[in-house]
Protein chains: 2
Amino acid sequence: STRLTWSLYTPRVINAEKSEFNEDQAACCQISIRRREPGLEEDEEWLILCSTQFLTGYYWALFDGHGGPEAAIIASNYLHYCIKQKLEEVVGGITEARPPMHLSRHCVCDSDPQFVEEKHIHAADLVVGALENAFQECDEVIGQEMEATKQTGGCTALAALYFQGKLFVANAGDSRAILVLKDSIVPMSCEFTPETERQRIQHLAFLFPKLLDGEFTRFEFPRRLKGNDVGQKVLYRDYFMEGWGYKTVEKADLKYPLVHGHGKQARLLGTLAVSRGLGDHQLKVIDTNIEVKPFLSCIPKVNIFDFARHDIKEDDVLIMATDGLWDVLCNKEVAHMVRSFLAENRTDPHRFSELAKRLACRARGKKRGHQWMLDDSHEASYDDISVFVIPLHNRDED
Amino acid sequence: STRLTWSLYTPRVINAEKSEFNEDQAACCQISIRRREPGLEEDEEWLILCSTQFLTGYYWALFDGHGGPEAAIIASNYLHYCIKQKLEEVVGGITEARPPMHLSRHCVCDSDPQFVEEKHIHAADLVVGALENAFQECDEVIGQEMEATKQTGGCTALAALYFQGKLFVANAGDSRAILVLKDSIVPMSCEFTPETERQRIQHLAFLFPKLLDGEFTRFEFPRRLKGNDVGQKVLYRDYFMEGWGYKTVEKADLKYPLVHGHGKQARLLGTLAVSRGLGDHQLKVIDTNIEVKPFLSCIPKVNIFDFARHDIKEDDVLIMATDGLWDVLCNKEVAHMVRSFLAENRTDPHRFSELAKRLACRARGKKRGHQWMLDDSHEASYDDISVFVIPLHNRDED
């Protein structure tokens with residue numbers, strides 16, 4: 001089967017300055033979703049087993065841990081199970097052209113199909129809902145597990161599911177998935193960081209000021225304010241502003257900002273570089289009682305790619321990678337490397353794994369003295385780097 | 001001057017079934033923003049008057065009232081004043097290539113310009129911030145004024161500002177602005193309705209359940225549930241879901257949903273068809289103590305069109321209209337009417353006002369028996385219809 005052809009490369013050499021473990025984790029498996037015969041009750045389980053049919057999905061996921069690898073390890077062992085469970089709960093609706101109003105298909109109201117049609121509800125919406133619920137359940141399990149074992153930490157989660165002719169990519173964090181097609185690049189995720197989610201985070205602090213315990217200001221300023229800024233009008237943004245304004249600085253504005261810094265330096269409560277992910281239930285701002293979790297979201301944004309609407313070529317691939325890759329390589333550079341490498345190595349049976357390795361090594365750079373440098377003499381990535389290369393052609397061949 | 005060439009058409013004939021007044025209001029004016037000499041203190045006001053310079057903006061706005069015309073009338077008299085005020089407060093920053101960290105330009109920190117540059121803050125961001133703040137201030141004033149005069153009601157607000165070579169369109173509600181250019185249509189706003197803002201509204205109810213006073217359910221279902229749905233698994237969405245799931249119906253789910261209905265029938269708390277706008281401070285759900293205002297937002301989304309990046313042709317126009325027009329005509333139909341009418345009437349000095357009238361009359365339809373019908377025998381708009389046609393060519397000629 002070519003279905004599970006994929007290639008992951010995770011070099012284990014670079015993160016030494018931050019932690020002794022590689023905090024990236026990866027998972028990949030086939031997911032079999034049991035399709036219940038409609039109308040059977042729980043106690044007729046033996047009948048179900050006799051007539052079981054399965055729907056098959058294919059799953060790849062990357063988890064970038066922080067504060068230790070534990071959350072990423074649990075997520076890599078458990079998220080696909082949550083997804084399987086949530087899909088099984090709604091499978092009766094997924095196999096219909098239009099999901100029925102009642103999962104039992106016992107209509108209470110004659111115009112049920114019309115209401116479902118008006119809301120434009122399709123089978124794919126049930127898969128999206130299952131992924132959203134699965135992330136939330138996995139987050140709860142991680143919270144329980146980490147509390148029970150007195151461990152701490154969290155992780156980002158990027159999961160791809162090929163199911164019923166569509167690719168679903170669910171993302172919570174700053175990893176990224178893109179499709180590199182012959183003539184185009186299709187972004188399949190966007191990054192959730194304190195900077196991209198500033199307004200959501202500030203709004204929560206506006207609604208619940210106690211969450212900041214008097215230690216932080218919810219306003220954003222271009223830089224940390226100082227004593228001699230007091231009384232001056234400086235650039236600022238509040239939760240409702242995409243634009244900027246000027247605010248007369250008061251003493252309270254000198255507190256550390258809720259969201260601070262720019263780009264890779266942006267931090268939530270001076271603590272975290274991501275605003276979505278799993279875990280971190282016990283995380284507090286250092287030397288305070290302020291919890292970070294209320295500002296985090298475990299809900300993924302799901303993007304769908306429908307293969308029925310595209311003519312997939314032999315070298316078309318899905319690239320999934322943690323921020324270690326994307327910090328130093330942009331989509332265009334990655335796409336260029338993908339296309340030229342695959343065109344030059346059409347007969348190599350290991351070309352996808354070789355490509356994953358090339359991408360990771362390119363981002364890792366080369367050691368020159370004490371520094372890791374890219375080819376163009378920019379600094380290389382010092383973060384963990386994990387890369388999936390997943391070919392899209394011949395998906396359904398055996 | 002051709003600068004203030006524009007044409008508004010508001011037929012007053014149709015809304016009779018809903019209210020005896022046309023609840024649409026329009027405003028249009030030149031806004032002169034006083035540019036203070038930097039470094040002058042408040043008590044040197046006389047010096048300011050001696051050296052005053054003005055920046056000029058051009059302003060058009062539509063307000064679609066509900067529950068009476070009063071909020072729309074106040075907004076049409078006051079919003080441009082709020083915008084002028086907010087722009088004057090930041091004008092020292094607008095006239096710089098990069099707004100300075102300190103409005104006084106007295107730098108406290110040498111790297112201030114670098115921080116501003118890293119955050120990509122431009123003069124246009126100050127205009128966006130001024131518009132966001134102006135809407136909020138106008139909403140407060142309407143609240144005070146309506147309370148003092150014991151009036152009720154609210155309105156949507158769509159405001160366009162041509163300023164410093166850019167067009168800023170700020171929208172809170174379900175009116176719409178589009179640019180009809182020679183070869184393209186550029187949407188300049190998106191609609192805010194209980195349906196488009198479902199997740200924001202449900203999330204607020206999740207955070208503050210008391211706002212629903214036990215009378216509403218925050219879950220969305222494709223239709224209103226009935227007694228015999230209890231115990232069944234039905235399609236639903238919660239605040240964190242873009243997809244759909246199945247939920248076992250409990251008795252509490254039979255309550256009226258916070259957001260209910262589809263398209264033009266979608267309602268917030270069974271009461272309002274829009275989720276953003278000005279006013280409604282006193283609005284309660286009928287026969288209850290439940291306030292609607294906490295779920296409404298007065299903050300506009302601002303879109304920018306930079307004329308420096310486009311080659312504007314003679315027939316290119318900005319179309320602004322209330323939902324009465326867009327309910328029955330799509331962007332493409334409007335663009336087709338605009339292009340063909342203007343091409344056929346190139347020499348008519350009143351062609352823009354004639355076009356506004358044509359657009360409104362087309363949406364109003366023709367009376368056949370007791371019904372107003374469109375040309376294609378679909379039902380015409382029964383709502384108020386207001387249309388601005390604003391030519392974009394020769395903007396800065398006198």
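Use the structure listed above.
From a predicted model like this one, the values you see are computed outputs, not experimental measurements.

Draft legend 1. Representation of the relation of the copies chain B and chain A within the structure. Note on the copies: chain B fits chain A at an RMSD of 0.0 Å, the axial shift is 0.0 Å, and the rotation between them is 180°. The two molecules are tied by a two-fold rotation axis, judged by turn and shift. Considering only C-alpha atoms, the residue of chain B closest to the rotation axis is Leu207(B), which sits at 4.6 Å. Take the interface residues of chain B: 100% of them recur as interface residues in chain A, which is what a same-surface contact looks like.

Draft legend 2. Representation of the state of the cysteines within the structure. All names here are of chain A. This model, assessed by the stated rule, comprises zero disulfides over all chains. As a non-bridged cysteine, Cys28 has Cys29 as the owner of its nearest cysteine sulfur, 6.7 Å distant. The exposure class assigned to Cys28 is partly exposed, which follows from its relative accessible area of 24%.

Draft legend 3. Broad picture of the environment of Val292(B). Relative to the helices and strands, Val292(B) is located in the loop between strand E15 (278-279) and strand E16 (301-306). Once residues lying within four places of it in the same chain are set aside, the contact partners of Val292(B) are Leu268(B), Leu269(B), Thr271(B), Leu272(B), Leu283(B), Lys284(B) and Val285(B).

Draft legend 4. Quick peek at the nonpolar core. Ranked by internal contacts, the top residues of the largest apolar core, which has 59 residues, are Tyr59(B) and Phe63(B). In this view, Phe63(B) contacts Glu23(B), Asp24(B), Gln25(B), Ala27(B), Ala72(B), Ala75(B), Ser76(B), Leu79(B), Cys155(B), Thr156(B) and Ala157(B); residues no more than four positions away in its chain are not counted. Ranked by size, the runner-up nonpolar core spans 57 residues in total, among them Ile142(A), Phe168(A), Ala170(A) and Val302(A).

Draft legend 5. View of the packing of helix H2 (residues 70-94) of chain A against helix H4 (residues 123-148) of chain A. Their axes nearest at 7 Å, the elements H2(A) and H4(A) cross at an angle of 145°. Here the hand of the crossing between H2(A) and H4(A) comes out right-handed.

Draft legend 6. Up close: the interface of chain B and chain A. On the chain A side, the residues contacting the 53 residues of chain B number 53 residues. For the chain B face of the interface with chain A, the top three residues by lost area are Met101(B), Lys119(B) and Tyr246(B), together amounting to 16%. Residues Lys301(A) and Glu242(B) are paired through a salt bridge, measuring 3.1 Å at the closest nitrogen-oxygen approach. Across the contact surface, chain B and chain A share 26 residue pairs in polar contact (both at pLDDT 80 or more). Put simply, the parts of the chain that give the side of chain B that touches chain A at least two residues each are helix H2 (70-94), helix H3 (112-118), helix H4 (123-148), helix H5 (198-207), strand E10 (233-236) and strand E11 (245-248) of chain B. Top element by residues in the side of chain B that touches chain A is H4(B). It accounts for seven residues. Taken together, the residues of the side of chain B that touches chain A break down into 26 nonpolar, 14 polar and 13 charged.

The rules behind these values
Residues numbered from 1 in each chain as written. Chains lettered and ligands numbered in written order. Predicted model: local features only at pLDDT ≥ 70, side-chain atom pairs only at ≥ 80, totals over all residues. Heavy atoms only, no water. Least-squares fit on C-alpha atoms with pLDDT ≥ 70 in both. Contact = heavy atoms within 4.5 Å. Disulfide = S-S within 2.5 Å. Buried < 20%, exposed > 50% of the residue type's maximum accessible area, 1.4 Å probe, protein only. Helix = DSSP H or I, 4+ residues; strand = E, 2+ residues; numbered from the N terminus. Core = buried A, V, L, I, M, F, W, Y, C linked by side-chain atoms within 4.5 Å. Axes fitted to C-alpha atoms, helices over the stretch in contact; angles between N-to-C directions. Left-handed = near helix turned anticlockwise from the far one by under 90°. Buried area = accessible area lost by both parts, 1.4 Å probe. Salt bridge = Lys/Arg side-chain N within 4 Å of Asp/Glu carboxyl O. Polar contact = N/O pair within 3.5 Å; in protein donor to acceptor, adjacent residues only side chain to side chain. Nonpolar A, V, L, I, M, F, W, Y, C, P; charged D, E, K, R; others polar.

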